[in-house]
Amino acid sequence: QVQLVESGGDLVQPGGSLRLSCKASGSISSIYVAKWYRQAPGKQREWVATITSGGSTDYADSVKGRFTISRGQSLNTVYLQMNSLKAEDTAVYYCNLVLSVTTRGGTYSYWGQGTQVTVSS
């Protein structure tokens, strides 16, 4: 079994910063791709950022230059540093990992439970 636990969501003023964390645990063999998504009230879930096992990153245009995705030294933790936050960044943020496990073959996609980010004065 694999568990993803997200943390770091909070209420922050416009222009502020937050760092989200996604910690994976369990029978993980390798993490190939890690992504952050977000879903605002009444809207579809949208992709925010990606980091590959090789360290390549990509960002949605709406967050480019403000958000940074990274992986911790343990490689099982993924971060999303969010700077210059705007009201339109308000959403529930989810991490998504594509990984392999030690207990069986194949690759699998896991989602975190989500963490609320609210940007408001």
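Residues numbered from 1 in each chain as written. Predicted model: local features only at pLDDT ≥ 70, side-chain atom pairs only at ≥ 80, totals over all residues. Heavy atoms only, no water.

Draft legend 1. Representation of the pairing of strand β7 (residues 67-71). Both β7 and strand β8 (residues 77-82) contribute to a ladder of 5 bridges, which runs antiparallel. Looking at β8, one finds that T68 is bridged to Q81. Once β7 ends, the chain turns through 5 residues before running back antiparallel as β8, passing L75 with a positive phi of about 70 degrees. (Pairing = 2+ DSSP bridges. Helix = DSSP H or I, 4+ residues; strand = E, 2+ residues; numbered from the N terminus.)

Draft legend 2. Region of the structure containing the sheet that holds strand β3 (residues 18-26). The strand order β1-β3-β8-β7 describes an open sheet built from 4 strands, whose pairing is antiparallel. Sheet topology places β1 (2-7) and β7 at the edges, where each strand pairs with a single neighbour. Across the sheet, the axes of successive neighbouring strands diverge by a mean angle of 15 degrees, strand direction being ignored. (Axes fitted to C-alpha atoms, helices over the stretch in contact; angles between N-to-C directions.)

Draft legend 3. Summary view of the pattern of salt bridges. Tallied over the full model, the rule gives 4 salt bridges. Measuring nitrogen to oxygen at the nearest pair gives 3.2 Å for the salt bridge that ties K64 to D61. Look at K64 and you get partly exposed, because its relative accessible area is 47%. For D61, a relative accessible area of 66% translates into the label exposed. (Salt bridge = Lys/Arg side-chain N within 4 Å of Asp/Glu carboxyl O. Buried < 20%, exposed > 50% of the residue type's maximum accessible area, 1.4 Å probe, protein only.)

Draft legend 4. Here's a closer look at the nonpolar core. By size, the foremost hydrophobic cluster in this structure holds 32 residues, and its most contacted members are W36, L80, M82 and Y93. Elements supplying a minimum of two residues to this core: β1, β3, β4 (28-39), β5 (46-52), β7, β8, β9 (91-101) and β11 (115-119). For this core, the leading source of residues is β9, giving 6 residues. (Core = buried A, V, L, I, M, F, W, Y, C linked by side-chain atoms within 4.5 Å.)

The analysis is restricted to geometry; functional conclusions fall outside its scope.
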